[in-house]
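Residue-level structure breakdown
What follows is the residue order along each chain.
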Number of protein chains: 2
Amino acid sequence: MAENNKEKVTEISQLGEFGLIDHLTKDFPLKNESSVLGVGDDAAIIDVPEGKEALVTTDLLLEGIHFDVRYVPLKHLGYKAAVVNFSDVYAMNGTPKQITVSLGVSSRFTVEHIEQIYAGIRLACENYGVDLVGGDTSASQTGLVISITCLGEVEKGKAVKRSGAKETDLICVSGDLGAAYMGLQLLERENQVAAQSGDPNFQPNFAGKEYILERQLKPEARKDIIEKLNAAGIIPTSMMDVSDGLSSELLHICKSSDVGCRVYEDRIPIDYQTAVMAEELNMNLVTAAMNGGEDYELLFTVPLTDKDKIEKIEGVKMIGYITKPSLGAALITRDGQEFPIKAQGWQAF
Amino acid sequence: MAENNKEKVTEISQLGEFGLIDHLTKDFPLKNESSVLGVGDDAAIIDVPEGKEALVTTDLLLEGIHFDVRYVPLKHLGYKAAVVNFSDVYAMNGTPKQITVSLGVSSRFTVEHIEQIYAGIRLACENYGVDLVGGDTSASQTGLVISITCLGEVEKGKAVKRSGAKETDLICVSGDLGAAYMGLQLLERENQVAAQSGDPNFQPNFAGKEYILERQLKPEARKDIIEKLNAAGIIPTSMMDVSDGLSSELLHICKSSDVGCRVYEDRIPIDYQTAVMAEELNMNLVTAAMNGGEDYELLFTVPLTDKDKIEKIEGVKMIGYITKPSLGAALITRDGQEFPIKAQGWQAF
């Protein structure tokens, strides 16, 4: 694993199941009024305020599929596992309020390892004002398993779904795309180099690549963008977060909303470090930005009449527009050609 | 695996991730008014009715730790995975309303296998009036992983926690205990006999043991007991479901409520088939009933003044009483001796 824990090693069996859960969850005081009862009973109790609806989303992260503990520090892993759930709640125009965390851990993990995962979860909870209200830790015969469920709140009837995009709506995206994917490529390369060097003290070279590394290891949910949109009086017609990649998400919105879309290649926001890394690895930059995934940016559509308002919001870029469904989803390249957008999908099986 | 699927084998890769989720979740129409938006967006939307609080509980089931697909049919596995979550909601005096289901499946599973798991989940949802509102299926490098989160409702302020037991309260338990554990012993024995016989057509002998088998493979949540308690005007002072075993749960209630307890060995409800199986396997019957787990019965405490009401409720037995904390938790044997109650705990690490 990416951490060194030379100071202290506590076997999980020393604490036992209930001792471990008590130990891990004792530093999570409840802060939200809606969190009536947290960890330690058959279920948590949540008092959703009048005039609000509850949102619920869940993510299952499996070692070897969604993360690799050889180069992902466990604290970052915990942080990311929580934040990707918060991102789903923001993508509904909501505010995350509570999470439950279930871990499956094999015997090669010590109490200190699990503490690191929880330290990351705790930091994410603090940064986003979320309470941990349920937790369970179980043995796993195989790899590390992290299952997080997040509850959020949204004004009644104000949730933004994927299904509301209308013809002529503008397609917008926050931040930049492809950086998390390039960060992963960098981590994998340095991990390979380390393995080949055979040097246990090998130091990976991340100089000048801090941004893409952070995008992969410590993504943030775009709470700020939701706040800016609310402040500007903009209610997106459809919204989702970019977890699988822009192509895939555009197709989701088109399918759910029964529309088509046109997206301009030269409008896709890409960071300089992402471009440099793609160049270094001889990879297609637009493919990385369209299909890389794990950006956790917000993809949303707004009525054409909101164009002026959107232009004033820093960190949001208009990348195309919604069409009638018969036109399908297509990318317009720099030289004006149209290519159908395809989801790279998921080839893990 | 316990099923034979000679008719049809569809590789998961033929459908892809999104195709698979669509395929699995299309037969789950939303029935509850509170289920505003189900599967297919970043989060589900739940409208908790005025005057109610939401309950949330989650369970992570890992192959080889919590179940063994060599002798647990996948449909039963799906049913049980859902029901154990419903049980947690009932144990708070609530009603389960929604679940989300995340699966991690390795390549040895086909679409038909996953359909069987979902068929069990669907049956459980139908039987208990619960909506599936979120689902995710991911590849797993190792075993089968099932993570289910359940949301429920309870009248505001009426949730029954583990922490309300008071001195002199009566300790009650529904149904009988130890049967699920003995069912597991039976399954493991027949599985060993099958392996030793080398006969692919080996038929396990379950005659006269149907009850303990069903208690292991297809447990039910005690919705009926909650309804009877409500009808009788009984509000337990504390309650939880028996998942880890009576000993462990009694200690939870004592710790949460800061009380002690006395439980009478001869009052512990045990089914005839459980006793026969323990005899056959030369196992201590009381140990099985106290520590077996997976019974999903309700353990609760009521004020002494409810004694007459409790006696009229079929399927509930008074097994002891709550004491002051200094007396600790003890089992009183048939010959009047006191033995401290200890949690067998969880030795899976």
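Details of the structure are given in the entry above.
Here goes a summary of the coordinates provided.

Reading the values: the criteria
Residues numbered from 1 in each chain as written. Chains lettered and ligands numbered in written order. Predicted model: local features only at pLDDT ≥ 70, side-chain atom pairs only at ≥ 80, totals over all residues. Heavy atoms only, no water. Least-squares fit on C-alpha atoms with pLDDT ≥ 70 in both. Contact = heavy atoms within 4.5 Å. Helix = DSSP H or I, 4+ residues; strand = E, 2+ residues; numbered from the N terminus. Buried < 20%, exposed > 50% of the residue type's maximum accessible area, 1.4 Å probe, protein only. Polar contact = N/O pair within 3.5 Å; in protein donor to acceptor, adjacent residues only side chain to side chain. Pairing = 2+ DSSP bridges. Axes fitted to C-alpha atoms, helices over the stretch in contact; angles between N-to-C directions. Phe/Tyr/Trp six-rings, centres within 6.5 Å; stacked < 30°, edge-to-face > 60°.

Under the fitted operation, chain B is carried onto chain A by 0.0 Å of movement along the axis and a turn of 180°, and the coordinates agree to an RMSD of 0.0 Å. Viewed as a symmetry operation, the transformation between the two copies matches a two-fold axis. Taken together, the interface assignments show that 100% of the residues at the interface of chain B recur at the interface of chain A, consistent with an identical surface on both copies.

What follows deals with the side chain of A:Thr323. All names here are of chain A. Residue placement: Thr323 occurs in strand β11 (residues 316-323). When its relative accessible area of 4% is taken as the criterion, Thr323 is described as buried. A polar atom in the side chain of Thr323 sits 3.3 Å from the backbone nitrogen of Cys261. Ignoring sequence-local partners within four residues, the contact set of Thr323 consists of Glu167, Val259, Gly260, Cys261, Arg262 and Gly328.

Another point: the pairing of strand β6 (residues 145-155) of chain A. Residue and element names in this part refer to chain A. For β6, the tally of buried residues reaches 10 of 11 residues, placing the bulk of the element in the interior. Taken together, the nine bridges between strand β4 (residues 95-105) and β6 define a ladder with antiparallel strand orientation. Note on β6: the bridge partner recorded for Ser102 is Ser147.

All names here are of chain B. Taking strand neighbours across the sheet as the criterion, the seven strands line up as β8-β10-β7-β11-β9-β12-β13 in an open arrangement whose pairing is mixed. This sheet does not close on itself; its edge strands, each paired only once, are β8 (238-241) and β13 (338-340). Put simply, the sheet's adjacent strands are angled 25° from each other on average, direction ignored. Pairing analysis gives four bridges linking β8 to strand β10 (residues 298-302), with the strands arranged antiparallel. Residue pairing across strands places Asp241 opposite Leu298, the latter belonging to β10. This element, helix α6 (residues 223-231), spans β7 (170-174), β8, β10 and β11 (316-323) of the sheet and lies at about 15° to β10.

So, about the side chain of A:Glu294. All names here are of chain A. Counting through the fold element by element, Glu294 comes out in the loop between α9 (285-291) and β10 (298-302). Side-chain polar atoms of Glu294 contact the side chain of Lys80, separated by 2.9 Å. Among the polar contacts made by the side chain of Glu294, one reaches the side chain of Gln216 at a distance of 3.3 Å. Excluding residues within four positions of it along the chain, Glu294 makes contact with Lys80, Ala180, Arg215, Gln216, Val242 and Ser243.

We now examine the packing of aromatic side chains. Residues and elements named next belong to chain A. Using the criterion set out here, one finds eight aromatic pairs over all chains in the structure. Ring geometry for Phe28 versus Tyr118: centroids 6.0 Å apart, planes at 80°, classification edge-to-face. Here the residue Phe28 occupies a position in the loop between α1 (12-25) and β1 (35-37), and Tyr118 occupies one in helix α3 (residues 111-128), the gap between them amounting to 90 residues. Consider the rings of Tyr90 and Tyr128, whose centres lie 6.2 Å apart with planes at 50°: the pair is tilted.

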